[in-house]
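Single-letter residue listing:
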Amino acid sequence: MEEINKMSKRILIVTEYFYPEEFKINEIALAWKDKGYHVDVLTQNPTYPAGKIFDGYENKWYTKDVYQEINIYRLKAVTGYKSSLFKKLLKYFSFMTLGSLVSLKIGKKYDYVFGFDIAALTGMVPAVMLNKFYNKPVTLWIQDVWPDSVYAYGFKKTKILQYFLNLFVKSIYKNSSNLAVSGKGFIEKVRTHSSENKKIVYLPNWADEFTQDDNTFNFSTNKKIHFTFAGNVGKVQNLDNIIKAFGELDQKYLEQAQLNIIGDGSHLEALQNIVEMSNYKNIVFWGRKPRDEMYRYFNASDFLIVSLIDKPIFSLTVPAKTQTYIAVNKPILAIINGDTADIIRDNNLGFVSEPNDIDNIKNIFEQSITLSDEEKKVFTHNCQSLTETTFNKEKIIDALLELLKKGNS
């Protein structure tokens, strides 16, 4: 009887990104579908991260396709946003308006609505509209805290902007049934814009699963200690300071090590110019690599780097790569403040440095280069233990589903 009941339950997922783009919402949708729920997705045509439409897709105003028995309602996406702030803002507002129109058209048939808040909070408007107009239970999984992140990305905190942003954020939270947050530090921030009785639950990102690759890969022909950063290469990733600290290591350390940067982004060319102009050695840019090849790069690394610039909002942010790094059982250099630094420090997973302290960043590079194998094993053992408990994928997905089912109750 329970299975028949679940088969009748319909979930609409609202997200700016979905398959073939690589985000955790793909795994959530498939997991809930496998549990017997009817899952549909409202999203945009795929463009991330290059800012252009994926091969095999047309950028139509409205289209529908199917992915592993999941109906996907796709909307026209603004392209070219990688190098244009105007187009990036237009992309957010486009999904907010088009998505709201479509969600109101299709939304009555759903029992639950789940918002994957991975980008701008404007992307959650199509989800909360269904609570406001149809009283549908809406759960949001918040990965980034507004309005703090707006200011962190360079928008001036004027009284007018602050007033309208606070009003907007409160409206979004008011029209959601409950909230999940990916960082513990988010709870207090979110609480200031929501009612006291609003349920807010800490549910972190889990570690990405990788197929172990038997193909042997080495970053260099001669033996070195390899430090690897993988992911989006933007200004907020603090790679300027990391490159400076590594590039200015004493020769006795530098000749034993290599810094590998894997990924693409708006700040890549500027970083490449810094390396060339400063004549820094043993720093290699590998470009963006397919997700299914990443295990070989992680496996070839001795240490993995997670970093963000020193802004208050980013002290609350735990980049999703943190859990992935932990899952591949590699020591971590956390060049970051706040929650992420606490995870690495409290669980003894590696070394931590202030983002702006060049000397201390150099120091943890030096400590890592001289670290013994036995000391490394302590870090890797602690990584494995944490992956099996706090960052367990099945437990987190099940907890999100339970929160969603509680809805307006």
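Above this text you will find the structure in question.
Since this is a predicted model, take the numbers as computed values, not measurements.

Enquirer: How would you sum up the environment of E269? Please name residues and give values.
Expert: Take E269: it is sitting in helix 10 (residues 268-278). E269 gets classed as exposed once you look at its relative accessible area, which sits at 58%. A C-alpha to C-alpha distance of 9.5 Å links E269 and V233, two positions 36 residues apart in sequence.

Enquirer: Summarise the pairing of strand 14 (residues 350-353); cite the residues concerned and give the values.
Expert: Pairing geometry for strand 13 (residues 332-335) and strand 14, over four bridges, is parallel. Considered in strand 14, the bridge of I335 is made with S353. In this view, the connection linking strand 13 to its parallel neighbour strand 14 by way of helix 13 (residues 339-346) has right-handed handedness.

Enquirer: Any chance you could break down the sheet that holds strand 6 (residues 138-142) for me, citing the residues and the numbers?
Expert: With mixed pairing, eight strands are arranged side by side in an open sheet as 3-4-2-1-5-6-7-8. Unpaired on one side and paired on the other, strand 3 (62-67) and strand 8 (200-202) mark the two borders of the sheet. Between one strand axis and the next, the sheet turns through 20° on average, direction left out of account. Bridge count for strand 1 (residues 10-14) against strand 5 (residues 112-117) is four bridges, and the pairing is parallel. Residue pairing in the sheet places I13 in a bridge with F114 of strand 5. Sheet strands in contact with helix 3 (residues 85-106) are strand 1, strand 2 (38-44), strand 3 and strand 4 (70-75), and its direction is about 145° off that of strand 2.

Enquirer: Account for the packing of aromatic side chains, with residues named and values stated.
Expert: Here the distance between the centres and the angle between the planes together describe a pair of aromatic rings. Within this structure, the stated rule accounts for 22 aromatic pairs. For the ring pair F116 and W141, a centre distance of 5.9 Å and an interplane angle of 45° mean the geometry is tilted. Here the residue F116 occupies a position in strand 5, and W141 occupies one in strand 6, the gap between them amounting to 25 residues. As far as the burial class goes, F116 and W141 line up, both buried. Ring centres of F227 and F365 lie 4.9 Å apart, and the angle between their planes is 85°; on these two criteria the pair is classed as edge-to-face. Within this pair, whereas F227 is found in strand 9 (residues 225-230), its partner F365 is found in helix 14 (residues 358-369), the two being separated by 138 residues in sequence.

Enquirer: Tell me about a nonpolar patch on the surface, and please be specific about residues and values.
Expert: On the surface, I160, Y163, F164 and L167 cluster together into a nonpolar patch covering about 470 Å² of accessible area. With respect to the helices, strands and loops of the structure, Y163 is situated in helix 6 (residues 159-174).

Enquirer: Tell me what's going on with the pattern of salt bridges, and back it up with residues and numbers.
Expert: A full pass over the atoms with the stated rule returns twelve salt bridges. One salt bridge connects K393 with E27, and the closest N-O pair in it is separated by 3.1 Å. Pair noted here: K393 is in helix 16 (residues 393-406) and E27 is in helix 2 (residues 24-34), with a separation of 366 residues, a long-range link. On the basis of relative accessible area, K393 is assigned to the buried category, the value being 16%. For E27, a relative accessible area of 18% puts it in the buried group.

Enquirer: Summarise the pairing of strand 9; cite the residues concerned and give the values.
Expert: In terms of burial, strand 9 is a largely internal element, six of the six residues being buried. Because side chains alternate across strand 9, one face comprises the buried residues I225, F227 and F229, and the other comprises H226, T228 and A230, equally buried. Two strands pair when backbone bridges link them, and strand 9 and strand 10 (residues 257-262) are joined in this way by six bridges, in the parallel orientation. Counted as the bridge partner of T228 is N260 from strand 10.

Scoring rules and cut-offs
- Residues numbered from 1 in each chain as written.
- Predicted model: local features only at pLDDT ≥ 70, side-chain atom pairs only at ≥ 80, totals over all residues.
- Heavy atoms only, no water.
- Helix = DSSP H or I, 4+ residues; strand = E, 2+ residues; numbered from the N terminus.
- Buried < 20%, exposed > 50% of the residue type's maximum accessible area, 1.4 Å probe, protein only.
- Pairing = 2+ DSSP bridges.
- Right-handed = clockwise from strand over helix to strand, strands pointing away.
- Axes fitted to C-alpha atoms, helices over the stretch in contact; angles between N-to-C directions.
- Contact = heavy atoms within 4.5 Å.
- Phe/Tyr/Trp six-rings, centres within 6.5 Å; stacked < 30°, edge-to-face > 60°.
- Patch = residues over 30% accessible without salt bridge, like charges linked within 9 Å, V, L, I, M, F, W, Y side chains within 5 Å.
- Areas by Shrake-Rupley, 256 points an atom, 1.4 Å probe, with all protein chains shown as cover.
- Salt bridge = Lys/Arg side-chain N within 4 Å of Asp/Glu carboxyl O.

Geometric values such as these leave the question of function open.
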